[in-house]
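# Summary of the model geometry
Below, each chain spelled out in residue letters.
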Amino acid sequence: MSDIRRIFSNSSFEPENFIAKLSGQGEGALRDMKNKVYMLNEDTAQALKKNVYKNYSQFIETAREISILEGEMYQLKQMLTDQKSLMSSIKALPLVSDKVVMEGIKGDDEEKESPEEETRRNLAFLLEKVEGCSSVADVPGRQLVHDGDLIEIDSETHTQIQRVHAFLLNDSLMIATWIPNRRGPMRYRFQGLYELDSLAVVNVRDTGPVKFAFNILMFPESHMYQTDTAKAKRQWLDIIEDTKKKKAVKDKQKKEAAMRMLEAQQVASPGEADLSKSFTDDMEEEQVAMDRDFLQKDWLEELPEDLDMYIAQRNFERAVDLIEKVNEYLKDCPRGPALKEYRARIEHRIKQLTDGLMNELQVSPERSLRGGPRAARRAVTQLIRLGKSSQACSLFLRNRSAIIKYNIRQLKFEGATTLYIRCLCGVFFSSLSDTSKEFMKAFPHHYGCYSAFVIWAKQELQAFVSIFKRQVFESKASLTTIADCVVLAKDHCDQLNSIGLDMEFCLGSLLDISIQQVIEESRDTIIDSVKFRANDDLWLAMNHLTPTDCDSYVKEIAQKGFNITPYVFDKFYISITMNSMHFAKTVCTLAEDLLKLFTTELEDFIANSLAMVFKAKIQHMESSLKSDRFKKEHPIIIQNAQFLLETVVARIESMYSDKDIPFPPQLQQVNAYFRKLKALGGK
């Protein structure tokens, strides 16, 4: 081990050459080196732990000595002030009887005893004033020593953070925050409980805006508090230090008594032991038994310090392992006062660990959001092991929401709308799929959290649709572009079915209103165009001048699905007018786009829209047949009507058939309207 440490610590050490040389020695050498490096890592961690607590203990001792010296100087100053005040009083009252003096002294003693008796009152009032402190008041023998209002300030910026109320107990310090809009007797909310053994109080000199302040060091963090007056500050410093001394003496006495009891039980005869036991109270026996058990388990005594170290090192897995181990061990222990006190110490560490894990999932501007869902699995797993599955679920989903928003913001709108929507759908639905898969891995048996995930997925889909609408429907894009974008979104949404997440209905319900508005606008635009072209329509056959040009046009139209060969006459004339051909292309494009947007909810709306467009054209042909102006063009009008109401409608019917959608009765009525026009043209 020392050889490896010497090699690694050498200033000329080159990792590449070392690994290359080691690899040449074979697999056995690599495994041996791996074990040695692992052992070196363990030794280094233990050495680091010892150094951390050694330095921290020395720092606490130094701070304590400084505080004691400062307290002595303050007491000396107070004594001089009292002497000066006493001399002034003697000068003012030179004649005072002994009786008055004795009464005054007696009165002072009573005043001094009154606060001491009051501080030993029961902690039941804490349950009435402080929210969430039931575990604090449950520890037997715990007493209130002192309490008062403090202001927590930032140690770097010296700005006020919040107003707190501190409760100094005989074994710990409890901090509670004020409830701003309180109702009922509750005035404070429990924030934290800190053991007196693990904290140190350091005086802070008055500099700038910081006056009457002191630091409370609680490994691995510290807090600065400010009082109203210098007297209140000194009172806090003295009382905390005095309470720590009393607790240290009491703990020492309890340990010595437990050791003496253990030795007495080992050397005493059974009769003497029974006699001794009869004079011992049951509660004291349970306390002694628990103390004896704790003394026999060294790892229990070191466990709070180990937890502090692992939390400071962010080794959350090891910390949770220790908590599970101690909970399993204490499960069968008798419920004694010592056990309650020890559990209170562990609960405080569990709260710190929980806060650290929840901070891993918190979303803040300075935290990178480039990690995937697997980056949060570590913290989520440990929170679940601690029984915080609901908090883990909420923070995990909130973290994923921030990551999805971040990834969407990185998209740049460049080029066509369809290209941007393709990228947007790829980012959003892939993130939703990854989150779903990771969620099922992180919460495999917590089925109560699945409903929260479904609600979250619906909320995220609503946020996606709001962006989708803004980029597609509000950009004045064509109906074809909108239909392509909607198809992209639906196709990506269908892919979620493979993981058991069906969001198609939600997506459709969110888009239906906007789709209807776009269809109405496109329908009305086409109808207006039909009416406008009707004013200039002369019902003239198309003249392509040469048979070659006519054949090329017929082939071009055939590629679009229309057979107009029966309508060719005189080799280069086509009885279908330009206006009718334009309408045929437009209405088929409309039908193709509408069928892309087809849903069961929009079935009748789409059919009615197509029927209204045809009826506008039918109305134009009917008015032309009734007009005396176009009596000679009746045959051409009938041929155009046959082309539009039979050939074009048949083309639309094939579109419905390709998508396995029943042909709607509204369009069947349009097809049957040709007979009425034919009869009208024969008159």
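Residues numbered from 1 in each chain as written. Predicted model: local features only at pLDDT ≥ 70, side-chain atom pairs only at ≥ 80, totals over all residues. Heavy atoms only, no water.

This part takes up the overall build of the chain. Counting its secondary structure elements, the chain contains 23 helices and 11 strands. Sorting the 683 residues of the chain into buried and exposed places 39% on the buried side. Here the analysis covers contacts within the chain between residues at least 6 apart in sequence; of these, 66% occur between residues at least 24 apart. Counting every atom, the chain has about 39,500 Å² of accessible surface; 52% of that belongs to carbon and sulfur. (Helix = DSSP H or I, 4+ residues; strand = E, 2+ residues; numbered from the N terminus. Buried < 20%, exposed > 50% of the residue type's maximum accessible area, 1.4 Å probe, protein only. Contact = heavy atoms within 4.5 Å. Areas by Shrake-Rupley, 256 points an atom, 1.4 Å probe, with all protein chains shown as cover.)

Following the criterion strictly, the structure yields 14 salt bridges and no others. Among the ionic pairs, R385 bridges to E324, the shortest N-O distance being 2.8 Å. Within this pair, whereas R385 is found in helix α13 (residues 377-385), its partner E324 is found in helix α11 (residues 316-330), the two being separated by 61 residues in sequence. Classification of R385 as partly exposed rests on a relative accessible area of 30%. Bridged by salt links that share partners, the residues E195, D308 and R349 form one connected network. (Salt bridge = Lys/Arg side-chain N within 4 Å of Asp/Glu carboxyl O.)

Now for the environment of K476. With respect to the helices, strands and loops of the structure, K476 is situated in the loop between α16 (448-472) and α17 (479-494). C-alpha of K476 to C-alpha of V518: the two residues are 42 residues apart in sequence and 9.4 Å apart in space.

A few words now on the sheet that holds strand β11 (residues 573-574). Taken together, three strands build an open sheet; the order of strands is β9-β11-β10 and the sheet is antiparallel. Strand pairing shows two members of the sheet lacking a second neighbour, β9 (542-543) and β10 (568-569), which therefore form its edges. For β10 and β11, the ladder comprises two bridges, and the chain directions are antiparallel. Within β11, the position partnered with F569 by the bridge is Y573. (Pairing = 2+ DSSP bridges.)

A separate point is the environment of V201. Of note, V201 is situated in strand β6 (residues 199-204). Note on V201: relative accessible area 4%, which makes it buried. Sequence spacing of V201 and L237 is 36 residues, and the spatial spacing of their C-alpha atoms is 7.0 Å.

This part takes up a nonpolar patch on the surface. A cluster of nonpolar side chains, namely I7, F8 and V37, defines an oily patch on the protein surface of about 200 Å² accessible area. Secondary-structure assignment places V37 in helix α3 (residues 27-92). (Patch = residues over 30% accessible without salt bridge, like charges linked within 9 Å, V, L, I, M, F, W, Y side chains within 5 Å.)

Across nine bridges, the pairing between strand β2 (residues 144-153) and strand β3 (residues 160-169) is antiparallel. Each residue of the ladder has a partner; that of I153, found in β3, is Q160. Between β2 and β3, which pair antiparallel one after the other, the connecting turn spans six residues, and H158 there sits at a positive phi close to 60°. Sheet topology note: the β2/strand β8 (residues 221-226) ladder contains three bridges and is antiparallel. For I153, the partnering residue across the bridge sits in β8 and is M224.

The next subject is the packing of helix α14 (residues 389-409) against α16. Viewed as axis vectors pointing N to C, α14 and α16 meet at an angle of 20°, and their least axial separation amounts to 11 Å. Accordingly, the angle class assigned to the pair α14 and α16 is roughly parallel. With respect to the hand of their crossing, α14 and α16 are arranged in right-handed fashion. Two secondary-structure elements touch here, α14 through S389, C393, L397, R400, S401, I404 and I408 and α16 through C449, A452, F453, W456, E460 and I467. Classifying every residue of the contact of α14 with α16 gives nine nonpolar, two polar and two charged. (Axes fitted to C-alpha atoms, helices over the stretch in contact; angles between N-to-C directions. Parallel < 35°, antiparallel > 145°, perpendicular 65-115°, else oblique. Left-handed = near helix turned anticlockwise from the far one by under 90°. Nonpolar A, V, L, I, M, F, W, Y, C, P; charged D, E, K, R; others polar.)

Closest axis-to-axis distance for the helix α15 (residues 417-442)/α17 pair is 10 Å, and the angle between their directions is 15°. The angle between the axes of α15 and α17 places the two elements in the roughly parallel class. Judged by the twist between their axes, the crossing of α15 over α17 is right-handed. Contact residues: T417, T418, I421, R422, C425, G426 and F429 in α15; T481, C485, L488, A489, H492 and C493 in α17. Residue classes in the contact of α15 with α17 are distributed as seven nonpolar, five polar and one charged.

So, on to the sheet that holds strand β5 (residues 188-195). With respect to topology, eight strands assemble into an open sheet ordered β1-β5-β4-β3-β2-β8-β7-β6, the strand pairing being mixed. Edge positions in the open sheet fall to β1 (130-131) and β6, since each of these has one partner strand only. Here six bridges tie β6 to strand β7 (residues 213-218), and the two strands are oriented antiparallel to one another. In the sheet register, A200 faces β7, and the bridge partner there is L217.

Turning our attention to helix α10 (residues 298-312). With 15 residues, α10 should reach 21 Å at 1.5 Å per residue; the first-to-last C-alpha distance of 22 Å fits that figure. In the structure, α10 departs most strongly from a straight axis at P304, where the bend amounts to approximately 40°. Directly beyond the C-terminal end of α10, a positive phi value near 60° is found at R314. (Expected span 1.5 Å × (residues − 1). Bend = angle between axes of the 7 residues up to and from the residue.)

Next up on the list: the confidence of the model for the chain. When pLDDT is averaged across the chain, the result is 80; 84% of the residues are at 70 or more. Residue range residues 269-281 is modelled with pLDDT below 50. Its contacts to residues more than four positions away, or to other chains, number three contacts. (pLDDT = per-residue confidence, 0-100.)

Buried together is how nonpolar side chains tend to be arranged in soluble globular proteins. Within the largest apolar cluster, 128 residues are counted, with the highest numbers of intra-cluster contacts made by F443, F468, I564, F614, F643, V648 and I652. The element contributing the most residues to this core is helix α22 (residues 634-658), with 11 residues. Apart from the residues lying within four places of it in its own chain, the contact partners of I652 are V587, C588, A591, F614, F663 and L667. Core analysis: the second largest hydrophobic core is formed by 17 residues, V164, L173, I216 and W236 among them. (Core = buried A, V, L, I, M, F, W, Y, C linked by side-chain atoms within 4.5 Å.)

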